[in-house]
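The chain contents come next:
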Amino acid sequence: MVKVLHISTEYPPHRVIGSLAFQVRDLIMSLSSKYDIYLIHPANFDGNYMDGNAHVYAVSDRWFSDVVTYMHYLLVEILSRSPYVIPRDADFVHAHDWIAAVIAKVISQRLKIPYIVSVYSTEPLRSGDDISLLSLAIRDWEKYTFSSAFRVIAHNKSAYESLRVHYGINAVEIRSINDVRAIYEEISHQRAHQ
């Protein structure tokens, strides 16, 4: 069975900021019937548990007022626990939004496996296209990590258009779980024939 490592900054019930947590969980539950799913997310504890068929690992969380500092903190937390939370035989990594994409890029380089990114929003959409130093930093991280992903999945029309207009990325706009499964099969097929 194909083993996929998911990374998200939100996952219910332990870390919910907005709708991302529930969108990620819905996707995980749909995929875990056909794929061996592992998920890493921040929470107020370190530990692992099962959510349906999915293996879930929580890493301790601290919030910083600067989201870029938080991204670096979370990267260090996950990588410092990598022998315990990252399956070494994962076929690929699936990140959910930009902070997770930074982590996925590092893991994919270490394990020499591809990563894909699910995008639910972009910094230009979140900031209303306002320009600040923080917004520019997040845009740079998004463009860098999204551009080097094997595939970028837009989960809505706004994200799809923003990826194209702001970053020059031709994402795959998904309409159903079958679109995600098709990407998983494409990666699996390609890896099997390397």
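This write-up is about the structure you can find in this document. From a predicted model like this one, the values you see are computed outputs, not experimental measurements.

### Here's the deal with the packing of aromatic side chains
Moving on, step 1. Under the definition given, this model contains 5 aromatic pairs.
Moving on, step 2. On the numbers, 6.2 Å between centres and 75° between planes, the contact of W141 with Y144 is edge-to-face. Taken together, the residues span about one helical turn, with W141 and Y144 both in helix α6 (residues 133-147) at a distance of 3 residues.
Moving on, step 3. Assessed through its relative accessible area of 25%, W141 is described here as partly exposed.
Moving on, step 4. Taking relative accessible area as the criterion, Y144 reaches 47% and is therefore assigned partly exposed.
Moving on, step 5. Between F146 and Y167 the ring centres are 6.4 Å apart and the planes differ by 80°, which places this aromatic pair in the edge-to-face class. With a gap of 21 residues between them, F146 in helix α6 and Y167 in helix α7 (residues 157-167) connect regions that are remote in the sequence.

### Considerations on the pairing of strand β7 (residues 151-154)
Moving on, step 1. One ladder, built from 4 bridges, connects strand β6 (residues 115-119) with β7; its direction is parallel. The partner of I116 across the bridge, within β7, is R151.
Moving on, step 2. Across 2 bridges, the pairing between β7 and strand β8 (residues 172-173) is parallel. Residue pairing in the sheet places I153 in a bridge with V172 of β8.
Moving on, step 3. Between the parallel pair β7 and β8, the chain is carried across by α7, and the sense of this crossover is right-handed.

### Some remarks on the packing of helix α4 (residues 98-111) against α6
To characterise two packed helices, one gives the angle between the axes of the helices and the distance between these axes.
Moving on, step 1. As a packed pair, α4 and α6 sit with axes 9 Å apart at the nearest point and diverge in direction by 45°. For the element pair α4 / α6, the angle class is oblique. As α4 packs across α6, the resulting crossing turns out to be left-handed. For the pair α4 and α6, contact is made by W98, A101, V102 and K105 and by I138, W141, E142, Y144, T145 and F146, respectively.
Moving on, step 2. Class assignment of the residues belonging to the contact of α4 with α6 gives a composition of 7 nonpolar, 1 polar and 2 charged.

### Details of a nonpolar patch on the surface
Moving on, step 1. On the surface, I131, L133 and L136 cluster together into a nonpolar patch covering about 340 Å² of accessible area.
Moving on, step 2. Tracing the chain through its elements places L136 in helix α6.
Moving on, step 3. The exposure class assigned to L136 is partly exposed, which follows from its relative accessible area of 36%.

### Points about the environment of Y38
Moving on, step 1. Note that Y38 resides in strand β2 (residues 36-43).
Moving on, step 2. Placed 11 residues apart in sequence, Y38 and L27 show a C-alpha to C-alpha distance of 12 Å.
Moving on, step 3. Sequence-distant contacts of Y38, defined by excluding residues within four places in its chain, comprise K3, V4, L5, H6, H55, Y57 and P87.

### A closer look at the nonpolar core
Moving on, step 1. Counting residues in hydrophobic clusters, the biggest one holds 44 residues, and the most contacted among them are L5, I7, I78, W98, I107, F146 and L163.
Moving on, step 2. Apart from the residues lying within four places of it in its own chain, the contact partners of I107 are L5, I7, I78, L79, I86 and V93.
Moving on, step 3. Ranked by size, the runner-up nonpolar core spans 22 residues in total, among them I28, I37, F92 and I187.

Conventions we followed
Residues numbered from 1 in each chain as written. Predicted model: local features only at pLDDT ≥ 70, side-chain atom pairs only at ≥ 80, totals over all residues. Heavy atoms only, no water. Phe/Tyr/Trp six-rings, centres within 6.5 Å; stacked < 30°, edge-to-face > 60°. Helix = DSSP H or I, 4+ residues; strand = E, 2+ residues; numbered from the N terminus. Buried < 20%, exposed > 50% of the residue type's maximum accessible area, 1.4 Å probe, protein only. Pairing = 2+ DSSP bridges. Right-handed = clockwise from strand over helix to strand, strands pointing away. Axes fitted to C-alpha atoms, helices over the stretch in contact; angles between N-to-C directions. Parallel < 35°, antiparallel > 145°, perpendicular 65-115°, else oblique. Left-handed = near helix turned anticlockwise from the far one by under 90°. Contact = heavy atoms within 4.5 Å. Nonpolar A, V, L, I, M, F, W, Y, C, P; charged D, E, K, R; others polar. Patch = residues over 30% accessible without salt bridge, like charges linked within 9 Å, V, L, I, M, F, W, Y side chains within 5 Å. Areas by Shrake-Rupley, 256 points an atom, 1.4 Å probe, with all protein chains shown as cover. Salt bridge = Lys/Arg side-chain N within 4 Å of Asp/Glu carboxyl O. Core = buried A, V, L, I, M, F, W, Y, C linked by side-chain atoms within 4.5 Å.

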